[in-house]
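# Observations on chain architecture
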Amino acid sequence: MDWVGLYPTWYEPGVGSGWVVGIMATIHVLASHTSVGAAILFAYLAVIAYRRNQPQLLDYIRQYGMFLLVFSYVIGSITGPGIWYSTTVASPRGISALIHSFVWKWATEWVFFVIEVVGVYLVIYLVGRVDQRTHMRIAVIFGLASYTTMLIILGILSFMMVPGKEAWFTEGGYLNGFYGANTFAQLAMRTAFMFTMTAVVGGIVAARITDPRFKREITRKLAWLGIVSSLTGAALFQWYLRTLPETAHLVMDNRLPSYFQPAIVTVLLGILAYFVMTLLSSRTLVVWGASVATVSILVLGLWPEEVARESIRKPWVAGQYVYSNQVIGRDVPGMHIKSELPLLEAHGFLKSQVFVPDNLRVVTPDNMLKVGESLALTTCSNCHSLSDTGMRPLHRYFGGTGNVAEVENYLRGALSTGATLYMPMIPLKPEEAEALAVFIVNMKQPQAALAHIQHKAALAQTGAQPLSSPAAQTFEVR
């Protein structure tokens, strides 16, 4: 018999593995987008500085660059590998899908990343130490290399949502998977918002400028950059929405947190008001104000955005063929990939998953709760916390019910048949659905779960069968 090629499950009990990835991704997006936007801003300011003989602009580049070495490059260098490490252990088959499709694209991105890291040092430390033309060329190369890293990684991120072209499923080919409407819409939107972040973070440095005239000039440049990029980004966001697959819109309409849209609108209006205020008076640009604006973008803008981006991919985690629980959910002839659902329908998770302990492969009253926990870790924990805290606690989706049969009915009636679009199809065997239902009920109603187990044990001793099938009952999941 074939085995389902799952990896060991990594579960973080406090907040859930998904939130660990999300927290690091949110911080990394702020650092990385700011650095890319600043690289292009530096190239622009260097050209202006040399053409108009404004050495103060070079001083600003040097000061902003020194700030970025800590703010963006140190933090980004920590959170970047942290993202890939955490996603690798949280969704190993999702990362495997990306590597098998884009390994050379990834290698190319690292080449440009090395140029970017070397470039920022050269731009900062060679001010006044090389001739103007050479320094200006270094600044331009730094900006182009930095933006190229964003271009490449966005193609990969876009594939995680949906392959570029439908033909990828039947023909394969990395260009079919890499380039698509969503790729360009996301690139355009992120390009705009990265300049917003660059303008906000740049204000922390500009606020320390002591020359009132030069501070006013830099403040105006940053304010106009922020206003135009914020409004452009908001418009491009509508384009991005139109490139999302149908499942993404379904999740957006039904499952996104209620604070998502108000938070995004609030932070956008607040940031616009902040830029208008500093445009009208450079004296209002102070370090603490720019710092508050930066934290606001991080907490009220990027965190909801990252949560939404991760959520609307469901039930898939990569390429619309790897489920969030690491099961291959559809055939991909172009990549010689077969769906694993027929195998699970025939044998169930307990018989076909490699890492199930041998003493849990057959459900008995004695191990039913442990089997349920094992199934919850395997099939649910990538998206649902198994505790009271963290990401979408699993028990909340069942209203704290103490009726094992009701929960089992949903698991067999909706999940096993794939009737819930934003959830992966989980073809559980009847005994697996019952064990998982016992575990879910045990999370809030342990006495009810224990009573069910004792009832099953009594039936096993007498050799009697249950009077009714749980699947015959009705239950509406909220």
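Analysis parameters
Per chain, the residues get numbers from 1 upward, laid out in the order the sequence is written. Per-residue local features are limited, in this predicted model, to residues with pLDDT of at least 70; the limit for side-chain atom pairs, both in listing and counting, is 80 or more; totals at the level of whole chains, interfaces and linings are taken over all residues. The basis for every side-chain value is the complete set of heavy atoms in the structure, and neither hydrogens nor water enter the calculation. Starting at the N terminus, helices and strands are each numbered in turn, a helix being any DSSP run of H or I of at least four residues and a strand any DSSP run of E of at least two. Note on exposure labels: buried denotes an accessible area under 20% of the residue type's maximum, exposed denotes more than 50%, and partly exposed covers the range between, all computed with a 1.4 Å probe on protein chains only. Whether two residues touch is decided by their heavy atoms; if any such pair falls within 4.5 Å, the residues are in contact. The sign given to each residue is positive for Lys and Arg and negative for Asp and Glu; His and the chain ends receive no count. Every charge is mapped to an atom, namely NZ of Lys, CZ of Arg, CG of Asp or CD of Glu. Pairing of aromatic rings covers Phe, Tyr and Trp, the last through its six-membered ring, and needs centres within 6.5 Å; plane angles under 30 degrees mean stacked, over 60 mean edge-to-face, and all others mean tilted. Criterion for a charge above a ring: Arg CZ or Lys NZ at most 6 Å from the ring centre, at most 35 degrees from the ring normal. Note that a disulfide, as used here, is simply two cysteine sulfur atoms within 2.5 Å. Counted as salt bridges are all cases of a side-chain nitrogen of Lys or Arg within 4 Å of a carboxyl oxygen of Asp or Glu. What counts as an axis is a line fitted to C-alpha atoms, over the stretch in contact for a helix, and the angles between N-to-C directions run from 0 to 180 degrees. The sense of a crossing depends on the near helix, which, turned anticlockwise from the far helix by less than a right angle, makes the crossing left-handed and, turned clockwise, makes it right-handed. Note on residue categories: nonpolar means Ala, Val, Leu, Ile, Met, Phe, Trp, Tyr, Cys or Pro, charged means Asp, Glu, Lys or Arg, and polar means any other residue, Gly included. We call two N or O atoms a polar contact when they sit within 3.5 Å, provided that within protein one can donate a hydrogen and the other can accept it, with sequence-adjacent residues counted only if both atoms are side-chain atoms. Arc definition: directions from the helix axis to the C-beta atoms. Lining residues are those with an atom within 4 Å of a point, where the points come from a 1 Å grid over the protein atoms alone and group into cavities, where a 1.4 Å probe fits but cannot get out, or pockets, open sets with protein on both sides within 12 Å along at least five of seven lines. Grid points are joined across faces, edges and corners, and a volume is the space filled by probe spheres set on the points.

### Some thoughts on the overall build of the protein
A tally of regular secondary structure across the protein gives 16 helices and two strands. With the C-alpha coordinates of the protein rotated into their principal frame, the extents come out at 95 × 45 × 35 Å. When the 478 residues of the protein are sorted by exposure, 54% land in the buried category. Once local pairs closer than 6 in sequence are excluded, the contacts in the protein between residues at least 24 apart make up 74%. Taken together, the 34 basic and 28 acidic charged side chains of the protein have centroids lying 13 Å from each other.

### A word on the packing of aromatic side chains
Taken as a whole, this structure holds 17 aromatic pairs when the rule is applied. Centroid distance Y60 to Y64: 5.7 Å. Interplanar angle 55°. Geometry classified as tilted. Of the two residues, Y60 and Y64 both sit in helix 2 (residues 55-90), four residues apart, roughly one turn of that helix. Residue class for Y60 comes out buried when judged on its relative accessible area of 1%. Given a relative accessible area of 0%, Y64 falls into the buried group. Through pairs of rings, three or more aromatic residues link up here, namely F102, F159, W168, F169, F178, Y179, F184 and Y321. Across the ring face of F178, the terminal group of K105 is positioned such that the distance to the ring centre comes to 4.5 Å. In this structure, R330 is placed above the aromatic ring of F169, and the distance from its NZ or CZ to the ring centre is 3.8 Å.

### Topic: the state of the cysteines
With the rule as written, the count across this model stands at zero disulfides. A disulfide-free cysteine, C380 has its sulfur positioned 8.9 Å from the sulfur of C383, the nearest such atom. The class of C383 is buried, set by a relative accessible area of 11%.

### Details of the pattern of salt bridges
Inspection of every chain in the model, using the stated rule, returns 13 salt bridges. Note that E305 and R190 form a salt bridge whose closest N and O atoms lie 3.7 Å from each other. Placement of E305 in helix 11 (residues 287-311) and of R190 in helix 7 (residues 181-206) is noted, with a sequence separation of 115 residues between them. Of the residues examined, E305 reaches a relative accessible area of 22% and is grouped as partly exposed. Because the salt bridges share partners, they merge into one network encompassing R190, E305, E306, R309, E310 and R313.

### Considering the packing of helix 2 against helix 8 (residues 212-242)
Relative orientation of the contacting elements helix 2 and helix 8 amounts to 65°, with a least axis distance of 11 Å. In this structure, the crossing between helix 2 and helix 8 has a hand that is right-handed. Together, Q56, L57 and Y60 of helix 2 and F214, E217, I218 and L222 of helix 8 make up the contact between the two elements. The class makeup of the residues in the contact of helix 2 with helix 8 is five nonpolar, one polar and one charged.

### Details of the side chain of T379
Here T379 shows up in helix 13 (residues 368-379). On the accessibility criterion, T379 (6% relative accessible area) is buried. A polar contact of 2.6 Å, which involves the side chain of T379, links it to the backbone oxygen of L375. For T379, the residues in contact, after removing those within four places along its chain, are N325, F349, I426 and L436.

### Describing the environment of L350
Considering the arrangement of structural elements, one finds L350 in helix 12 (residues 341-352). It is 71 Å that separates the C-alpha atoms of L350 and D211, two residues lying 139 residues apart in sequence. Those residues in contact with L350 that sit more than four places away from it in its chain are V356, L360, R361, V363, V371, L375 and E432.

### Observations regarding helix 9 (residues 246-254)
Listed as buried for helix 9 are T247, A248 and V251. Viewed end-on, helix 9 has its buried residues packed into an arc of 105°, placing them on one side of the element. Facing away from the buried side of helix 9 by over 90 degrees, the exposed positions are E246 and D253. For helix 9, the secondary structure elements touched by its buried residues are helix 4 (132-161) and helix 11.

### Some points on the layout of surface pockets
There is about 810 Å³ of room inside the second largest pocket. Lining the second largest pocket are 33 residues, with F193, F237, F260, I264 and E305 positioned closest to its centre. Of all the elements in the fold, those that place two or more residues in the lining of the second largest pocket are helix 1 (17-52), helix 7, helix 8, helix 9, helix 10 (260-280) and helix 11. Broken down by element, the lining of the second largest pocket gets its largest block of residues, seven residues, from helix 10.

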